[in-house]
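# Fold and contact review
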Protein chains: 4
Amino acid sequence: MTSGIIPPLITPLKDRDTLDRDGLERLIERLVTGGVHGLFIIGTTGEGPSLSYRLRRELITETCKLVRNRLPVFVGITDTAFVESVNIAKHSADAGATALVAAPPYYLPEGQPELLEYIRHLLPELPLPFYLYNMPSLTKVSFDIDTVRALQDEPKIHGIKDSSGNMVYFHRLCQMLKERPDWSVLMGPEELLLDAVLAGGHGGVNGGANVFPQLYVALYNAAAAGNVQRARQLHALVMHVSSTLYQVGRHSSAIIKGIKCALSHLGVCDDFMAEPFHRFRDQERARIADALAVLQEEITTALA
Amino acid sequence: MTSGIIPPLITPLKDRDTLDRDGLERLIERLVTGGVHGLFIIGTTGEGPSLSYRLRRELITETCKLVRNRLPVFVGITDTAFVESVNIAKHSADAGATALVAAPPYYLPEGQPELLEYIRHLLPELPLPFYLYNMPSLTKVSFDIDTVRALQDEPKIHGIKDSSGNMVYFHRLCQMLKERPDWSVLMGPEELLLDAVLAGGHGGVNGGANVFPQLYVALYNAAAAGNVQRARQLHALVMHVSSTLYQVGRHSSAIIKGIKCALSHLGVCDDFMAEPFHRFRDQERARIADALAVLQEEITTALA
Amino acid sequence: MTSGIIPPLITPLKDRDTLDRDGLERLIERLVTGGVHGLFIIGTTGEGPSLSYRLRRELITETCKLVRNRLPVFVGITDTAFVESVNIAKHSADAGATALVAAPPYYLPEGQPELLEYIRHLLPELPLPFYLYNMPSLTKVSFDIDTVRALQDEPKIHGIKDSSGNMVYFHRLCQMLKERPDWSVLMGPEELLLDAVLAGGHGGVNGGANVFPQLYVALYNAAAAGNVQRARQLHALVMHVSSTLYQVGRHSSAIIKGIKCALSHLGVCDDFMAEPFHRFRDQERARIADALAVLQEEITTALA
Amino acid sequence: MTSGIIPPLITPLKDRDTLDRDGLERLIERLVTGGVHGLFIIGTTGEGPSLSYRLRRELITETCKLVRNRLPVFVGITDTAFVESVNIAKHSADAGATALVAAPPYYLPEGQPELLEYIRHLLPELPLPFYLYNMPSLTKVSFDIDTVRALQDEPKIHGIKDSSGNMVYFHRLCQMLKERPDWSVLMGPEELLLDAVLAGGHGGVNGGANVFPQLYVALYNAAAAGNVQRARQLHALVMHVSSTLYQVGRHSSAIIKGIKCALSHLGVCDDFMAEPFHRFRDQERARIADALAVLQEEITTALA
């Protein structure tokens, strides 16, 4: 069973179709040192849908090479084209990845019976363990609780990452662990990591862990140990990350831009973003720098 | 200036990654004979996002070959990955297509400034004339009127297809023709073709024209000639297509399934659908057959 | 059968709970002179839900008195409390109103069977003819086509006003006139008045007719006569009203504020608004004055 | 500071405009005995907007009389008409209520500046302490965090009830307690009571506490004491209430219908509902009875 903090890696880019391999190496080393429990590439934070297939394959190969089996590597294969999802899945297995993750195809929204059938068609084609990825704000479709229940008899499924932000839904997932105690139920939005772990969830796939891996690991550990006071204190810092670093931009790209910009300030990697998005300009960069300085001090103090 | 009926072709498939070339040929001949004014491939009705890139390229090549310059061919290059959109655009030019069409990248929603910048980055990479494709229910993002206005100085843009279903928005687009009288403003939902043409729009990209090309052409002609009574009579038949053929399924895939199933009954092509969707089962097939029989009789009478 | 232009009256107010009776009289005379075909009070534009019950009763009584049977008076009885809707309905009959109009109760959204049952319980309590009012953006619930169809056997219902802005839905309503040719199908948003009448609808309940009654009447007449060119020309003016007078404020109250402010500039009535809204401040007032001057000249020229 | 469980009372009715006074008395005694910390009347669960003003006043008077100061009584004054909200507020003070609660006026949605101004106009008219009520799914408008922050300097405001179901928003409210440590931040949806109290919130306004007051009080106590294991166990029972009692109906009225039906089975009061809603029919009643029997046994065991 997977548990703990599995950061959804941003994708370091030199330009629209060029991987920043050195930046990727620095990022991975930072996260390994930071004590995280796995890596998730080619997700939403990784700008997965904006990357060419060639680049996705390169990223998978390089990540697996750089990780050297020190951590499990989860690869996002979400795609609107079934055939391309399977292609990426096979490439991931060849490269040595650990598991695959997919949200529903995200153009024309599926009905639940269609979604169920889709997953049932996909599973036999997959060479690795599989996690469901619930992301209704971007895919338009949720894995309804009854659909998840219908999938509980699939041994190839090992869990679900829920990025709905709907804590009631997350509780319902946790209630289903009676039937599949081996599943992992993981939280996407970091503002709910506290709730997720106190409620019996297994950890988080939280973007902010790209920047501050120790903070998220410490929060996970405190909550998993039932130390409510300590967990609440660390959660307040995560809320502060969220209310500063993610609020500089005005569009839904603001979170990724904020994370990439912070990593650029930290010398980890460039903050180039694939179209249709673009890195922050000078004014926003300065605001991120200011926020980062405050956060670093607060977090260092709290973790001391 | 493009005007008239430009059916968004369904994509005839033999299986998940195999084009039904013979079906495609029969479909194209049917539409040419039916008097349509152009063809649009790899759109929503064409299950574009569900097709592998290999298949998209094959479809472009084959369509251009089969059309033999008898009609303009518009190719959808909508994609979440900029690089892949450009790849398809270049392939389209090489294959002899007429123009390109793109909706906004449809995973993480862009703000309007991001969308504007995206189009401005895309245009220089495109080897053919370009049409905007407004489809907010599926892309989550609309081309706001102010964004369209900002793009009016781009000579490579020749018009816009609006599938928002929002007739007020369509009227606003038509009001903008004062500044760009060479633009084409085309209606997606066929239930609004009457309104669009009476309001000064240039025609429709209507799924039902795959099945009944003459009906849509006749409606376009009547409305363009200001013959309100005749146009209203033909519009009632389009409404009947919509309230029968498109209402058999319960999910948003119902329209495409209905069109493909009808074409299958007509012997044009198979009704295989790419995942995550599937053709109608026997019960739905029978309902489509019944609806088709009624519609054929009504339409034949009206067009006699 | 009701047809033509039935302006949804703004409610002239002196303060939060005081009717501006003189302003109401001037407004009514302006509309009678302008040639409108009826008046609709206590609707959305009339700030109905913001008015105390006492004030609503006073407004009904005064309006009927001032109209002196020169025009039919429609009264909105929409309310979340069944008992209060019936109270207002009875008061309306006593005051001499012509008909009643109700949208669904708008707090907790009803399912369609609940909505159907609600209307069926309401009808026997009503002392006057009744019109359905479809306003899903504000009531959260639409009268689904099947629900309207189920209500077609109710003799007390005389028609429907559709403010959904969904022209496909409006076409579906018009298709139902085969079964109830005596019904009136009326359009709310004035940007769709052209489409509505060309499609066979019976007219409009359009806010802008408070300010420019002649324009809307002329557009209705041209469209009803099948004069597409003339109707399109007048429609362009309505679009101009919409893109100037209604775009000054940023919130959904902008339309009502714009209409009231314009009427205030014209000396018809004060522009006080009941909470939670407030009249425009000086800067917005000036922009409305500028827009009004341009529109008046354009409209005068067009109607000359 | 208010903390603990404050059930939002259902309104026992004999018919559309008649209070079931005996049922109300039994319900209040049940809740007092069950150990709850306050009562909230005329909220969403109390069908507030469906009740005539006369009935609302009677309900306030009777509740205060029956409570005999054993518990604080909170009265919902949410209304689309400012004047009527103030009328109810004054009646509440005269009747001896403790505090007032209001959500935004819920017909035409306000912008945040309009909402802020509305609250600032309302406060001086209120004779009792006041709580904000955030209920965006029904009022269409949220109290944005910045709006709540702007209201923190209002001494008459004592807290906020959040029924958004958005746990991130709730966390943001809790972070604001640094500035107003005397505020109460209360959770609406009972499925999030666990999270709310573990996160530092002050309790819940949970519909299920009408039926099982002891369960919700026990969960509150365990969570407030930091006893995660015990709280999680009781939370599982609340989730079971939610997944059975509230899932019998298909519409948004299902929760209220389920609670009223359960109380009817328990002999507390009739389950009549004000229009536009109606009590469950026999089939649904039987399913509620079955669910109730299972829940009663589980809860009795857990609380033993």
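Residues numbered from 1 in each chain as written. Chains lettered and ligands numbered in written order. Predicted model: local features only at pLDDT ≥ 70, side-chain atom pairs only at ≥ 80, totals over all residues. Heavy atoms only, no water.

## Points about the overall build of chain A
Assigned secondary structure in chain A consists of twelve helices and ten strands. Scaling as 2.2 N^0.38, a compact globule of 304 residues should have a C-alpha radius of gyration of about 19 Å, and chain A matches this with 18 Å. Summarising its shape, the C-alpha atoms of chain A cover approximately 50 × 45 × 35 Å along the three principal directions. Counting only residues that meet the buried cut, chain A has 66% of its 304 residues in that class. Considering only residue pairs separated by 6 or more positions, chain A has 74% of its internal contacts joining residues 24 or more positions apart. When the accessible surface of chain A is split by element, carbon and sulfur atoms take 49% of a total near 9800 Å². Computed over 29 positive and 34 negative side-chain charges, the inter-centroid distance for chain A is 2 Å. (Helix = DSSP H or I, 4+ residues; strand = E, 2+ residues; numbered from the N terminus. Rg over C-alpha atoms; globule rule 2.2 N^0.38 Å. Buried < 20%, exposed > 50% of the residue type's maximum accessible area, 1.4 Å probe, protein only. Contact = heavy atoms within 4.5 Å. Areas by Shrake-Rupley, 256 points an atom, 1.4 Å probe, with all protein chains shown as cover. Lys, Arg positive; Asp, Glu negative; His and termini not counted. Charge placed at Lys NZ, Arg CZ, Asp CG, Glu CD.)

## Details of the confidence of the model for chain A
In the predicted model, chain A carries a mean pLDDT of 97, and 100% of its residues have values of at least 70. Across the interfaces of the predicted complex, the ipTM metric reaches 0.96, alongside a pTM of 0.97. (pLDDT = per-residue confidence, 0-100.)

## Some thoughts on the packing of helix α3 (residues 82–95) of chain D against helix α4 (residues 112–122) of chain D
Axis angle and axis distance: for two packed helices, these are the angle between their axes and the distance between the axes, and together they describe the pair. Residues and elements named next belong to chain D. One can describe the packing of α3 onto α4 by two numbers: an axis separation of 11 Å at closest approach and a directional angle of 40°. If you check the angle between α3 and α4, you find them oblique. Between α3 and α4 lies a crossing of right-handed hand. Of α4, the residues touching α3 (which contributes Phe82, Ser85 and Val86) are Tyr118, His121 and Leu122. (Axes fitted to C-alpha atoms, helices over the stretch in contact; angles between N-to-C directions. Parallel < 35°, antiparallel > 145°, perpendicular 65-115°, else oblique. Left-handed = near helix turned anticlockwise from the far one by under 90°.)

## Some details on the interface of chain A and chain B
Listed by partner, the interface residues are 44 residues for chain A and 44 residues for chain B. Of the roughly 3900 Å² buried between chain A and chain B on both sides combined, carbon and sulfur atoms contribute 63%. By the criterion of area lost to chain B, the three top residues of chain A are A:Tyr107, A:Leu108 and A:Glu114, representing 19% of everything that side buries. On inspection of chain A and its partner chain B, the count reaches six salt bridges. (Buried area = accessible area lost by both parts, 1.4 Å probe. Salt bridge = Lys/Arg side-chain N within 4 Å of Asp/Glu carboxyl O.)

## Here we look at the state of the cysteines
Cysteine pairs can be linked by a disulfide, which is a covalent bond between their two sulfur atoms. Tallied over the full model, the rule gives zero disulfides over all chains. Cysteine C:Cys269 shares no disulfide, and the gap to the nearest cysteine sulfur, in C:Cys261, comes to 11 Å. (Disulfide = S-S within 2.5 Å.)

## Side note on the relation of the copies chain A and chain B
When chain A is brought onto chain B, the operation consists of a screw motion whose angular component is 180° and whose axial shift is 0.0 Å, with 0.0 Å RMSD remaining. Such a turn and shift between the copies fits a two-fold axis. A shared binding surface is used by both copies, with 100% of the interface residues of chain A retained as interface residues in chain B. (Least-squares fit on C-alpha atoms with pLDDT ≥ 70 in both.)

## Notes on helix α9 (residues 213–224) of chain D
Residue and element names in this part refer to chain D. The terminal C-alpha atoms of α9 lie 16 Å apart, and with twelve residues this matches the ideal 16 Å at 1.5 Å per residue to within 8%. Every buried residue belonging to α9 is among Pro213, Leu215, Tyr216, Val217, Leu219, Tyr220, Ala222 and Ala223, and all of these are buried. In this fold, the buried residues of α9 make contact with β1 (4–5), α1 (21–33), α8 (193–198), β10 (203–204), α10 (228–244) and α12 (282–303). Backbone geometry just after α9 places Gly226 at a positive phi near 75°. (Expected span 1.5 Å × (residues − 1).)

## Things to note about the packing of aromatic side chains
The tally for this structure, following the rule as stated, stands at 20 aromatic pairs over all chains. Here the aromatic rings of D:Phe74 and D:Tyr131 are separated by 5.3 Å at their centres, their planes lie at 75°, and the arrangement is edge-to-face. Taken as a pair, D:Phe74 in strand β5 (residues 73–76) and D:Tyr131 in strand β7 (residues 130–134) lie far apart in primary sequence, 57 residues in all. Both residues of the pair, D:Phe74 and D:Tyr131, count as buried. One aromatic cluster is present, built from ring pairs that chain together A:Tyr106, A:Tyr107, B:Tyr106 and B:Tyr107. (Phe/Tyr/Trp six-rings, centres within 6.5 Å; stacked < 30°, edge-to-face > 60°.)

## Focus on the relation of the copies chain B and chain C
Least-squares fitting of chain B to chain C yields an RMSD of 0.0 Å, with the superposition described by an axial translation of 0.0 Å and a rotation of 180°. In this assembly the copies share their binding face: 100% of the residues contributing to the interface of chain B also contribute to that of chain C.

## Overview of unusual backbone geometry
Note the cis peptide between B:Glu275 and B:Pro276, where omega equals 10°. Looking at where B:Pro276 falls in the secondary structure, it is placed in the loop between α11 (254–265) and α12 (282–303). Backbone geometry places A:Ile42, a non-glycine residue, at a positive phi of 60°. In this fold, A:Ile42 is placed in the loop between β4 (39–41) and α2 (53–67). Taking relative accessible area as the criterion, A:Ile42 reaches 6% and is therefore assigned buried.

## With respect to the nonpolar core
The nonpolar side chains of a soluble globular protein tend to be buried with one another. Judged by nonpolar contacts, the single largest core of 406 residues is most densely connected at A:Phe130, B:Phe130, C:Phe130 and D:Phe130. Contact partners of D:Phe130, with chain neighbours within four places excluded, come to D:Ile77, D:Leu100, D:Val101, D:Ala102, D:Ile119, D:Leu122, D:Leu123, D:Lys156, D:Ile157, D:His158 and D:Gly159. (Core = buried A, V, L, I, M, F, W, Y, C linked by side-chain atoms within 4.5 Å.)

## Looking at the sheet that holds strand β6 (residues 99–102) of chain B
Residues and elements named next belong to chain B. Judged by pairing direction, the sheet is parallel, and its eight strands sit side by side in the order β1-β10-β9-β8-β7-β6-β5-β4 without closing on themselves. A single partner strand is all that each edge strand has here, and the edge strands are β1 (4–5) and β4 (39–41). Of the pairings in the sheet, the one linking β6 to strand β7 (residues 130–134) comprises three bridges and is parallel in character. Residue pairing for β7: Val101 is matched across the bridge by Tyr131. (Pairing = 2+ DSSP bridges.)

## Things to note about the pattern of salt bridges
Within the structure shown, the criterion is met by 75 salt bridges over all chains. For B:Arg21, the salt bridge is made with B:Glu25, and the minimal N-O distance between the two is 3.5 Å. On the criterion of helical spacing, the pair formed by B:Arg21 and B:Glu25 is a turn pair, its members being four residues apart in helix α1 (residues 21–33). A relative accessible area of 34% means that B:Glu25 is categorised as partly exposed. Residue B:Lys260 pairs with B:Glu47 through a salt bridge whose shortest N-O separation is 2.5 Å. Pair noted here: B:Lys260 is in helix α11 and B:Glu47 is in the loop between β4 and α2 (53–67), with a separation of 213 residues, a long-range link. Taken together, the shared-partner salt bridges connect A:Arg21, A:Glu25, A:Glu62 and A:Lys65 into one network.

## Describing the interface of chain B and chain C
When the parts of a complex come together, some accessible area is lost, and that lost area is often used as the size of the interface. Between chain B and chain C, the residue contacts involve 21 residues of the former and 21 residues of the latter. Counting the surface lost from both chain B and chain C, the interface buries some 1800 Å², and carbon and sulfur atoms represent 58% of this. Counting across the interface, chain B meets chain C through zero salt bridges. Across the chain B-chain C interface, the total number found is eight residue pairs in polar contact (both at pLDDT 80 or more). (Polar contact = N/O pair within 3.5 Å; in protein donor to acceptor, adjacent residues only side chain to side chain.)

## Describing the arrangement of the chains
Kept free of each other, chain A and chain C leave a smallest C-alpha distance of 17 Å between them. In this structure chain B stays clear of chain D, and the shortest span between their C-alpha atoms is 17 Å.

## So, helix α7 (residues 167–175) of chain A
Residues and elements named next belong to chain A. The element α7 is largely enclosed, with a buried count of seven among its nine residues. Along α7, the residues that are buried comprise Met167, Val168, Tyr169, Phe170, His171, Leu173 and Cys174. N-capping of α7 is provided by Asn166, with a side-chain oxygen placed 3.0 Å from the backbone N of Val168.

## Thoughts on the sheet that holds strand β5 (residues 73–76) of chain A
All names here are of chain A. Read from one edge of the open sheet, eight strands run β1-β10-β9-β8-β7-β6-β5-β4, paired in parallel fashion. In the strand order of this sheet, the two ends are held by β1 (4–5) and β4, each with one partner. One ladder, built from two bridges, connects strand β9 (residues 184–187) with strand β10 (residues 203–204); its direction is parallel. The residue of β10 that forms the bridge with Met187 is Gly204.

## A short note on the side chain of A:His235
By the secondary structure assignment, A:His235 is in helix α10 (residues 228–244). A relative accessible area of 1% means that A:His235 is categorised as buried. Those residues within four positions of A:His235 in sequence are excluded, and the remaining contacts are A:Glu191, A:Leu194, A:Leu219, D:His171 and D:Gln175.

## As for the pairing of strand β9 (residues 184–187) of chain C
All names here are of chain C. Here β9 shows no split at all, with Ser184 and Leu186 on one side and Val185 and Met187 on the other all buried. Taken together, the four bridges between strand β8 (residues 157–162) and β9 define a ladder with parallel strand orientation. Looking at the pairing, Ile160 lines up with Val185 of β9. Regarding topology, helix α8 (residues 193–198) serves as the crossover connection from β9 to the parallel strand β10 (residues 203–204), and that connection is right-handed. (Right-handed = clockwise from strand over helix to strand, strands pointing away.)

## A short note on the environment of A:Ala150
Residues and elements named next belong to chain A. As for its position among the elements, Ala150 is in helix α6 (residues 145–150). Ala150 sits 49 residues away from Val101 along the chain, and the two C-alpha atoms are 18 Å apart. When near neighbours in sequence (up to four residues on either side) are disregarded, Ala150 contacts Leu116 and Arg120.

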